[in-house]
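Coordinate inspection notes
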Amino acid sequence: MFRRCGLTWPPMAEILRTGVAADPHADITSHDTYVEGFPHGTFQRLRETEPVAWIDETDGSGFWAVTRHADVIEASRDYNRFTASRGIRIEEMDPDELEARRSMMELDPPEHTRLRRLVQPGFTPKVVATYEEAFRRLVRVVFDRVLTEQRFDFVTEIARELPIRMLCRLLGIPEEDAGQMVAWGDQMISNADPEYTPVVIDKVDTEEYRLLPFRAPAAIDVFRYAEDIALKRRAEPKDDIITTLLTAEPDGEPLTDLEFKNFFTLLMVAGNETTRHTISYALLFLQEAPEQLELLRSDLPGMSEAATEEILRASGVTMHFRRTAAVDTELGGVPIKQGDKVVMWYTSANFDESVFTDPYRFDITRDPNPHVTFGTGRHVCLGASLARLEVRVFLEEFFSRVSSYRVGEPDRLRSNFIRGIKHLPIEIS
Ligand code: HEM
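On a predicted model such as this, the values are computed, not experimentally measured, just so you know.

Digging into the overall build of the chain
Counting its regular elements, the chain contains 16 helices and 12 strands. The buried share of the chain, reckoned over its 429 residues, is 46%. Partitioning the contacts of the chain with sequence separation of at least 6, the portion at a separation of at least 24 is 69%.

Remarks on the pairing of strand β5 (residues 320-325)
With respect to burial, β5 is a largely interior element, five of its six residues being buried. Pairing of strand β3 (residues 82-83) with β5, which is carried by two bridges, proceeds in the antiparallel orientation. Note that in β5 the partner of Phe82 across the bridge is Ala325. One ladder, built from five bridges, connects β5 with strand β8 (residues 341-345); its direction is antiparallel.

A few points about the pairing of strand β1 (residues 52-56)
Within a regular strand, side chains alternate between the sheet's two faces. Pairing geometry for β1 and strand β2 (residues 62-66), over five bridges, is antiparallel. Among the inter-strand pairings, Ala53 is bridged to a residue of β2, identified as Ala65.

Some thoughts on the site of the ligand
The environment of the ligand is made up of 26 residues, and the closest members are Gly271, Thr274, Gly375, Cys381 and Gly383. Of all the elements in the fold, those that place two or more residues in the shell around the ligand are α12 (257-288) and α16 (384-401). At seven residues, α12 tops the list of elements feeding residues into the shell around the ligand. Across the shell around the ligand, the residue classes break down as 15 nonpolar, 10 polar and one charged.

A word on the sheet that holds β8
Judged by pairing direction, the sheet is mixed, and its five strands sit side by side in the order β1-β2-β8-β5-β3 without closing on themselves. Of all strands in the sheet, those with a lone pairing partner are β1 and β3, marking the two edges.

What about the nonpolar core?
One finds Val66, Val342 and Trp345 to be the most contacted residues of the largest nonpolar core, which totals 96 residues. When residues in this core are grouped by element, the largest group, 14 residues, is from α12. When sequence neighbours within four positions are dropped, the list of residues in contact with Val66 reads Val52, Asp71, Val72, Ala75, Leu331, Val342, Val343, Met344 and Trp345. The next biggest cluster of nonpolar side chains, apart from the first, holds five residues, and it includes Ala84, Met104, Leu107 and Leu115.

Here we look at the sheet that holds strand β9 (residues 405-407)
The three strands lie next to each other as β4-β12-β9, forming an open sheet whose pairing is antiparallel. Each edge of the open sheet is held by one strand with a lone partner, namely β4 (151-153) and β9. Mean inter-strand twist for the sheet, computed between neighbouring axes without regard to direction, equals 20°. Strand direction decides the pairing type here: β4 and strand β12 (residues 425-428), joined by three bridges, are antiparallel. By the bridge assignment for β12, Asp153 is matched with Pro425. Running at roughly 110° to β9, α12 makes contact with β9 and β12 of the sheet.

Here we look at unusual backbone geometry
Of note, the bond from Pro109 into Pro110 is cis; its omega dihedral lies within 30 degrees of zero at 5°. Mapped onto the elements, Pro110 comes out in the loop between α3 (95-101) and α4 (111-119). Of the consecutive residues Asp367 and Pro368, the connecting peptide bond is found in the cis state with omega at 5°. Along the chain, Pro368 falls in the loop between α15 (346-349) and α16. The residue Asp358 is not glycine, and still its phi comes out positive at about 50°. On the secondary structure map, Asp358 appears in the loop between α15 and α16.

Some thoughts on the packing of helix α14 (residues 300-315) against α16
Running from amino to carboxyl end, α14 crosses α16 at an angle of 130°, the nearest separation of the two axes being 9 Å. Classified by the angle between their axes, α14 and α16 sit oblique to one another. Crossing geometry of α14 relative to α16 is assigned as right-handed. Along the contact surface, α14 presents Leu300, Pro301, Ser304, Glu305, Ala307, Thr308 and Ile311, while α16 presents Arg388, Val391, Arg392, Leu395, Glu396, Phe399 and Ser400.

So, the environment of Arg414
For Arg414, the position within the fold is in the loop between β10 (411-412) and β11 (421-423). Counting along the chain gives 377 residues from Arg414 to Gly37, while the straight-line C-alpha distance between them is 9.8 Å.

Considering the environment of Pro250
Tracing the chain through its elements places Pro250 in the loop between α11 (241-247) and α12. Sequence spacing of Pro250 and Arg116 is 134 residues, and the spatial spacing of their C-alpha atoms is 9.7 Å. Beyond its immediate stretch of four places on either side in the chain, Pro250 contacts Arg114, Leu115 and Leu118.

Procedures and definitions
Residues numbered from 1 in each chain as written. Predicted model: local features only at pLDDT ≥ 70, side-chain atom pairs only at ≥ 80, totals over all residues. Helix = DSSP H or I, 4+ residues; strand = E, 2+ residues; numbered from the N terminus. Buried ≥ 20, exposed ≤ 12 C-beta atoms within 10 Å, placed from the backbone. Contact = placed C-beta atoms within 7 Å. Pairing = 2+ DSSP bridges. Near = placed C-beta within 6 Å. Nonpolar A, V, L, I, M, F, W, Y, C, P; charged D, E, K, R; others polar. Core = buried A, V, L, I, M, F, W, Y, C linked by C-beta atoms within 7 Å. Axes fitted to C-alpha atoms, helices over the stretch in contact; angles between N-to-C directions. Parallel < 35°, antiparallel > 145°, perpendicular 65-115°, else oblique. Left-handed = near helix turned anticlockwise from the far one by under 90°.

Interpretation note: all reported values are geometric properties and have no functional meaning in isolation.
Following this line, the structure appears as C-alpha cells:
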C-alpha cells in the first residue's frame, strides 16, 4: 500500500513552526501556491502591514483580502454590509450561474434562516453526541482492517474513509455508496487538482458546466443520485435528514428540485472533504511537537478535546470564504466600495499574533483558543459539532492503539480554497 502512493521518505521536518512557503510575497490567488504549503510568510506580512489588502486577479478584477482575526469576525457577522448572496468563492459568477448553484451558503437572512432551520436540529451538539458510539464503532472497524499493515497511505486508507461513512449514515445513504460519494466529492471540491478531475477549473474551458456546483461535471452524477434518493424517500419516508428536506415547507412551499439537489450536494461535500484533511494534519502536527504528543498520550480522554481545538486552529482547512460589500463601507479603516469582493482568510486569522500567543507553536493546552476554523455569524459551520466529535474520537482511538508512528511528506492538494492533503505515507508500530 505504502509503495503505491509513491511519496518521498523520510519525512520532511517542521511544517507548522517554520511555516512552509515562508515567502512573504506568494501569490495567494494561485492554486499552485498551496501545493508548497500554506504561505504563512505572506499572510503574516499582510496582517502586519496591510490587513485589508487589495489583491489583483489575472482577469483584471480583484478582491479585498481580510487577514486579521478582528476584521474577519466583523465581516462574517455583518450580513447587512457584507452579503453572502453574491457568491462565497473568489470566482465571480454570472447571475444565472449564481441562481442555478445557490445553496443556503449563498443566502442572507431571512431566506438563509428558513433553510438553515430545516437541518439545524440534526446537527446540534446534543444530537451529535448521540452519534459518538456509532462513529467509534466505525473507526474501530476501519482500524481493524488497516492497522494490520505497517506502512500505508493514511489518507486513502483511513482519513478519507471515516467522515464520509458517518455522513452516509446521517443522511440515510447506503454505506456501499460511500466510495462513490468520496470520488464525486473530490471531483467537485478539488476541481483545481488534476489528480481528481480532468476538468481542471483554471486550465480548461469549463463553460459547459457553468450552471453546476463547482462547475464540475461530477455534479451531473450527484444530481442524478439526489433525484434517485428523493424518489425513494418520497415512496418510503424515513427518519433522516433527506426526508426532512423533502417534506419540509419552509415558506409554505416545499423545496424545489434544484434547491434540494444543491442542498444535498452541499451537505455531501462540506461534511466529507474538510474533516478528513483535519485528521491528517493531526498526525503531522503531533509528530512535529513530540512533547505535545506525549502530553496527549498521558491523559487521552482528558486532553483530546483541547487537542482537537488546537488541531482545528492550526489546520484551518477551509482557508477562506467570500462576501460582497452590499454598501459603501469600511473595514479595518480601509474604504470599501459597494460591489467589491471581500475575502475573509480564516486560516490567517487563526495565526493572528494579537490574539494567539506564539501562533506557530502547536500547543494543545492553548486556552482560550478562539479560532475561526468554522467561521462565525449566521453561516457558522453547521457540522462543527460533528467535525469536533470525529477528530476527538479519531485521536482517542488511534493513540490508544498505535504506540508509535512516523508520517512522511504530505502530498498537498492544488487549491486556493481547501488546505488539503491528498496522500500521507505512514509507518506505524
Ligand atoms: C473540520 C471540518 C470542517 C471545517 C473546517 C468546516 C468549515 C466551515 C466554514 C468555515 C463554514 C462557514 C462558511 C462561511 O462563512 O460562509 C462552514 C459552513 C458549513 N459547513 Fe462546515 N466545516 C467542517 C465540517 C463540516 C461538516 C462535518 C459538515 C456536515 C454536514 C459541514 C457542513 C457545513 C454547512 C452545511 C455549512 C453552511 C452553513 C450555512 O451557510 O449556514 N461542515 N463550514
